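# A structural walkthrough
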Amino acid sequence: MTYTVETITALIGARHYGAASTTSVEWLLTDSRSLSFPETSLFFAIHTCSGDGHRYIADLYHRGVRAFVVEILPDKWDTLFPEAHFLQVQDVLKALQCLAERHRDVFNLPVVGITGSNGKTIVKEWLYQMISADRAVCRSPRSYNSQIGVPLSVWQLTDRHELAIFEAGVSRQGEMEALRTIIRPTLGVFTCLGPAHQENFGTMQEKCMEKLRLFRDCPVLVISMDDKLVSGCLAESHYQGKLITWSRKNKSASLYIETIGEQKGHTLLACHWQGTSFPIDLPFINEASIQNAITCMAVCLHLGLPVATVRQRLLQLEPIAMRLEVKTGQKGLTLINDAYNSDLTSLDIALDFMARRPELAGRRHTLVLSDILQTGLPPQQLYAQVAQLIDRRGVDFLLGVGPNIFQWQHLIGVPNVCFETTEDLLQSGVLGRLHDEVVLFKGARSFGFEHLLENLALQVHETTLEVNLAALVKNVNHYRSFMKPHTKMVCMVKADAYGAGAVEVSRTLQDKGVDYLAVAVADEGATLRRAGITTGILVMNPERTAFSTLFRYNLEPEVYNFQMLEALIHAAEQAGIQHWPIHLKLDTGMCRLGFNPTDSSEPGSTGGSDIDRLIQRLKRQEALTVRSVFSHFVGSDSPDFDAFSQQQFNLFEAASRRIQEAFPHRILRHICNSAGIERFPDRHLDMVRLGLGLYGVSPITDAPQGTVSTLKTTILQVREVPAGTSIGYSRRTVVERPSRIAVLPIGYADGLNRRLGNRRGCCLVNGHEAPYLGNICMDVCMIDVTDIPCHEGDSVEIFGEQLPVSRLSHLLDTIPYEILTSVSNRVKRVYYR
């Protein structure tokens, strides 16, 4: 839904300052890094313990945001931000919550509200998996269950939704009431009660009572009967609605689970619901997943899903990527990574996971545990409970990290060694003595257990493309320094982001507020949408067979001739679509694709300008709306072509102005590529397109500038060969002296050009140049390391920070684009900042 600033001003009781023009609002923004649609975003300048949103107003204004909810007006707001709307309130967070409440008022539909100590997000996601095949479901993104996250979740409700699922979390007394009035659930779900976020509550009962406040006035509540504390709190809360209960102990429950068994990694349940008995097969065996699945079953049965459907969909549940990552380690180790948070309940879940995995049975179990933070329990009581958990779950050895567990290690009954810091453990040498066992890492993020995992993880010989996302951001900012604040930016992510991996690159660019992403074909754009990219996506070479993909995934096509225009109009009209955004391309000298800005030369033309005919046709339809018009410089990278570049710009300036004058809405104009951004700041117009420069190669000199992609491999084998030995297929290289030859697991199927073989090219081994010997094979190649100190397993740079990709392109008489985009998809991409 779309609101106006004026409507929102009234809804939240704000005082309006600034621009008199009407501004529409579709998106609520609380984090400046999440900006995607500045023209229709309303920014809430929330003050939190980690920052003050008022500090980001200037940056967001320069990026196109024009509506702000504030507590304090910025200095000189009327002169520094002349086009802005400022809605002043006493409390920005309460204003956000109030707006979400009023938005919730608009909708009369079933709303599932979920709370509890653990399992909220998993239950929400599993309910979505089970229900969304039959109904249009709105759900909280990720773990949006906080005082800020819940309003943002509810704001997503639209007329097309038939059911909503929202989760609510609290960390202190008094927080749930605000969330209750926003969500107003018609069906409540209580997952379980545990010690998470206990530090701000006096007792577990106090925390339980706070959570149960979500269900005041809620008609129906799904809850387990098997927790006596929760049942007692529920009775004390005087809940008046209908209870849908489940239990493994009490046959009077709405859903009674009579028996539970295991078979080949599955859990088998015998269930009774409203006089009907039926078996259930769950595709997991850990206790937490079983409880969450039973909760989902009770919800779905209450909502009227047939038992057969519930059985089928429970069996198809997909795991939620939360934690508990299993890796292979050195010396026969199996590593379980749950180093994301640490509380007693999640510790018990992780220990249960380790104890019940059939493939881990019979091996020694070691727990690496950090201090457990924010429980509210006295340390002696806390670590006494930890000791009981460890003993009950069959842990054989404990490595503790943190000042508290170090102090109270005498309470732990199993053999243990404890350290005050993670660094102390790393330096002790204890990790190096672990072998042939299962090691569970359970710790709060602040303890940095990822360093321990890196120390023990199996180092696999592999070829990888390392992608430096920090360098990518640095390059974006470098080109932004040439731009005016209001100028928009398109970033090219076609050809899998020049080989770097379009999804991760696009996520980073979206976080940094670029205005558009550009891909070559619709399938590339669809991949980004499925990965959660919401930024506008421009499709440079749309195919007529992919129009349905454009419409399905909200992709904006380039239109470059009348045949494409007519086909797109027809397809949009057939689909009942109006005002689909398109981008018109004009050919000002490339002689590639585009409408002719002077005289038409297309078959069937009767003469005259393409522009006149184009305007007339666009005015006779409502299916498409022009979002931008653009062209492409032929030689902006060289002063040799400046006269021709000026001619191109003059043609584009005249034609694009005629198109803008023909329509009342704003049409963006852009012609500058990476080189044009640097060399022609007076020709930036409304938007620029950043391509090769984004990936760390200067489009003017080919010199490296913030290397993004580094192709690396490892040495598989080193052998000594006598003088006169031939290397590789067809005996193309013969060594003239006794030599050391290293074999690398990379070949032309990975993107290593065959023309680099036979000493024409080289790679870097420990900082030394090593020439390729013989023909490069499909999967491997050989290099000369006679004078280079190296061993099997050493890292080798094919191109990157030390060996620029431009050096290889010059050697091969090609361009950096070809080298970057040739890296095969079978090469693993590794991203870091």
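In short, a report on the structure. A quick note: this is a predicted structure, and the numbers were derived from the prediction, not measured.

If you tally the helices and strands in the protein chain, you get 27 helices and 43 strands. By the compact-globule yardstick of 28 Å for 833 residues, the protein chain fits well, its C-alpha radius of gyration being 31 Å. By principal-axis analysis of the C-alpha atoms, the protein chain measures approximately 85 × 80 × 55 Å. A burial count over the protein chain gives 54% of its 833 residues as buried. Pairs at least 24 residues apart make up 64% of the contacts formed inside the protein chain by residues separated by at least 6 positions. Surface summary for the protein chain: the accessible area is close to 36100 Å², and the carbon and sulfur share equals 49%. Distance between charge centroids for the protein chain: 2 Å, based on 82 positive and 89 negative side chains.

So, on to helix H23 (residues 610-619). Buried within H23 are the following residues: Asp610, Ile611, Leu614, Ile615, Arg617 and Leu618. Each buried residue of H23 lies within a common arc of 165° when the element is viewed along its axis, so the set occupies one face. Packed against the buried residues of H23 are helix H22 (562-574), strand E30 (580-585), strand E31 (624-630) and helix H24 (642-661).

Moving on: the sheet that holds strand E12 (residues 163-167). In space, the nine strands of this open sheet follow the order E11-E12-E10-E13-E14-E15-E16-E17-E18, with mixed pairing throughout. With partners counted over all chains shown, the strands left at the sheet margins are strand E11 (137-139) and strand E18 (276-282), one partner each. Within this sheet the neighbouring strands show an average axis-to-axis angle of 20°, counted without direction. Across eight bridges, strand E16 (residues 255-263) lies against strand E17 (residues 266-273) in antiparallel orientation. Looking across to E17, one finds that Gly261 is bridged to Leu268.

What follows concerns the sheet that holds strand E5 (residues 41-44). Strand order in the open sheet made by the five strands is E2-E9-E8-E5-E4, with mixed pairing throughout. Looking at strand neighbours, the two that pair on one side only are strand E2 (15-18) and strand E4 (27-29), the edges of this open sheet. For this sheet the average axis-to-axis angle between neighbouring strands, irrespective of direction, equals 25°. As paired elements, E4 and E5 share three bridges and run parallel to each other. Looking at E5, one finds that Trp27 is bridged to Ser41. Its contacts with the sheet put helix H1 (residues 5-12) on E2, E5, strand E8 (67-70) and strand E9 (85-88), and the angle it makes with E9 is roughly 10°.

Our focus in this paragraph is the pattern of salt bridges. Side chains that carry opposite charge are capable of pairing whenever their charged atoms lie near each other. By the definition in use, this model includes 34 salt bridges. One salt bridge connects Asp217 with Arg180, and the closest N-O pair in it is separated by 3.7 Å. Separated by 37 residues along the polypeptide, Asp217 in the loop between helix H8 (204-212) and strand E14 (220-224) and Arg180 in helix H7 (residues 176-183) bring together distant segments of the chain. Residue classification places Arg180 among the buried positions, given a relative accessible area of 10%. One salt bridge connects Asp787 with Arg737, and the closest N-O pair in it is separated by 2.8 Å. Separated by 50 residues along the polypeptide, Asp787 in the loop between strand E41 (781-784) and strand E42 (795-799) and Arg737 in the loop between strand E37 (733-734) and strand E38 (739-744) bring together distant segments of the chain. Judged by relative accessible area, which is 37%, Arg737 ranks as partly exposed. It is possible to trace a salt-bridge network through shared partners that takes in Glu101, Arg102, Asp105 and Arg184.

All right, on to the pairing of strand E28 (residues 536-539) then. Neither face of E28 is open: one carries Gly536 and Leu538, the other Ile537 and Val539, and all of them are buried. In the sheet, strand E27 (residues 516-519) pairs with E28 via four bridges, with the strands oriented parallel. Residue pairing across strands places Tyr516 opposite Gly536, the latter belonging to E28. Handedness of the β-α-β unit built from E28, helix H21 (residues 547-552) and strand E29 (residues 556-559) comes out right-handed.

What follows is about unusual backbone geometry. Phi at Leu685 is positive, roughly 55°, even though this residue is not glycine. With respect to the helices and strands, the residue Leu685 is situated in the loop between helix H25 (674-679) and strand E33 (687-690). One non-glycine residue, Asp813, adopts positive backbone phi at about 55°. Along the polypeptide, Asp813 turns up in the loop between helix H26 (805-811) and helix H27 (816-821). With relative accessibility at 72%, the residue Asp813 sits in the exposed group.

Turning our eyes to something else, we now look at the environment of Gly696. Structurally, the position occupied by Gly696 is in the loop between E33 and strand E34 (709-714). Assessed through its relative accessible area of 3%, Gly696 is described here as buried. For the pair Gly696 and Val708, spaced twelve residues apart in sequence, the C-alpha separation works out to 5.7 Å.

This brings us to the environment of Gln717. Looking at where Gln717 falls in the secondary structure, it is placed in strand E35 (residues 717-721). Along the primary structure Gln717 and Lys228 are separated by 489 residues, whereas in three dimensions their C-alpha atoms are 63 Å apart. In this view, Gln717 contacts Ile741, Ala742, Val743 and Glu792; residues no more than four positions away in its chain are not counted. Only 3.4 Å separates the side chain of Gln717 from the side chain of Arg719, close enough to count as a polar contact.

What follows covers the packing of H8 against helix H9 (residues 228-236). Between H8 and H9, the shortest axis-to-axis distance is 9 Å and the interhelical angle comes to 55°. Between H8 and H9, the angle is such that the two are oblique. In the crossing of H8 with H9, the sense of the turn from one axis to the other is right-handed. In this structure, H8 uses Met204, Gln205, Cys208, Met209 and Leu212 to contact H9, whose residues at the interface are Leu229, Val230, Cys233, Leu234 and Glu236. Of the residues contributing to the contact of H8 with H9, the split by class is eight nonpolar, one polar and one charged.

Below, the discussion takes up a nonpolar patch on the surface. On the surface, Val634, Phe641 and Phe644 cluster together to form a nonpolar patch covering roughly 250 Å² of accessible area. Relative to the assigned elements, Phe644 resides in helix H24. For Phe644, a relative accessible area of 32% gives the class partly exposed.

This part covers the packing of helix H5 (residues 120-131) against helix H10 (residues 287-302). Where H5 contacts H10, the two axes come as close as 10 Å, and the packing angle between them is 45°. In this view, H5 runs oblique relative to H10, as classed from their interaxial angle. The way H5 lies across H10 gives a crossing that is right-handed. Judged by residue contacts, Ile122, Val123, Trp126, Leu127, Met130 and Ile131 of H5 engage Ser289, Asn292, Ala293, Thr295, Cys296, Val299 and Cys300 from H10. Its residues assigned to classes, the contact of H5 with H10 shows ten nonpolar, three polar and no charged.

Membership of the largest hydrophobic core comes to 111 residues, with the highest contact counts inside it found for Leu509, Leu584, Tyr695, Val765, Ile798 and Phe799. When residues in this core are grouped by element, the largest group, eight residues, is from H22. Ranked by size, the runner-up nonpolar core spans 39 residues in total, among them Val123, Val220, Trp246 and Cys271.

Moving on: the pairing of E34. Across the six residues of E34, five count as buried, placing the element largely inside the fold. In the sheet, strand E25 (residues 464-468) pairs with E34 via four bridges, with the strands oriented antiparallel. Among the inter-strand pairings, Glu466 is bridged to a residue of E34, identified as Thr710. Both E34 and E42 contribute to a ladder of four bridges, which runs antiparallel. The residue bridging Thr714 from the neighbouring strand is Ser795, located in E42.

Here is what the cut-offs are and how they apply
- Each residue is numbered by its place in its chain's sequence as written, counting from 1.
- Reporting in this predicted model follows two pLDDT cut-offs: at least 70 for local features of residues, and 80 or more for side-chain atom pairs to be given and counted; totals over whole chains, interfaces and linings ignore these cut-offs and use all residues.
- Side-chain numbers here rest on the full set of heavy atoms in the structure, without hydrogens or water.
- A run of DSSP states H or I qualifies as a helix once it reaches four residues; a run of E qualifies as a strand once it reaches two. Both are numbered from the N-terminal end.
- Each radius of gyration is computed over the set of C-alpha atoms, and the globule rule expresses the reference value as 2.2 Å times the number of residues to the power 0.38.
- Three exposure classes are used, based on accessible area relative to the maximum for each residue type with a 1.4 Å probe and protein chains only: buried under 20%, partly exposed in between, and exposed over 50%.
- In what follows, a contact means two residues having at least one pair of non-hydrogen atoms within 4.5 Å.
- Here the Shrake-Rupley method, with its probe set to 1.4 Å, supplies the accessible areas, and only the displayed protein chains count as covering residues.
- We count Lys and Arg on the positive side and Asp and Glu on the negative side, and we leave His and both chain ends out.
- Here the site of a charge means atom NZ of a Lys, CZ of an Arg, CG of an Asp or CD of a Glu.
- Directions pointing from the helix axis toward each C-beta atom define the arc.
- One bridge is not enough; two strands pair if DSSP finds at least two bridges between them.
- To define axes, lines are fitted to C-alpha atoms, for helices over the stretch in contact only, and angles between the resulting N-to-C directions are given on a 0 to 180 degree scale.
- We define a salt bridge as a side-chain nitrogen of Lys or Arg found within 4 Å of a carboxyl oxygen belonging to Asp or Glu.
- Seen with its strands pointing away from the viewer, a crossover is right-handed when the path leading from the first strand over the helix to the second is clockwise.
- We call two N or O atoms a polar contact when they sit within 3.5 Å, provided that within protein one can donate a hydrogen and the other can accept it, with sequence-adjacent residues counted only if both atoms are side-chain atoms.
- For classification, angles of less than 35 degrees are called roughly parallel, those exceeding 145 degrees roughly antiparallel, those between 65 and 115 degrees roughly perpendicular, and all remaining angles oblique.
- Whether a crossing is left-handed or right-handed is set by the direction in which the near helix is turned from the far one by less than a right angle, anticlockwise for left-handed and clockwise for right-handed.
- Residues are grouped as follows: Ala, Val, Leu, Ile, Met, Phe, Trp, Tyr, Cys and Pro are nonpolar; Asp, Glu, Lys and Arg are charged; every other residue, Gly included, is polar.
- Each patch is built from residues that are more than 30% exposed by relative accessible area and take part in no salt bridge. Like charges join if they lie within 9 Å; nonpolar side chains (Val, Leu, Ile, Met, Phe, Trp, Tyr) join within 5 Å.
- In these notes, a set of buried Ala, Val, Leu, Ile, Met, Phe, Trp, Tyr and Cys residues joined through side-chain atoms within 4.5 Å is what counts as a nonpolar core.

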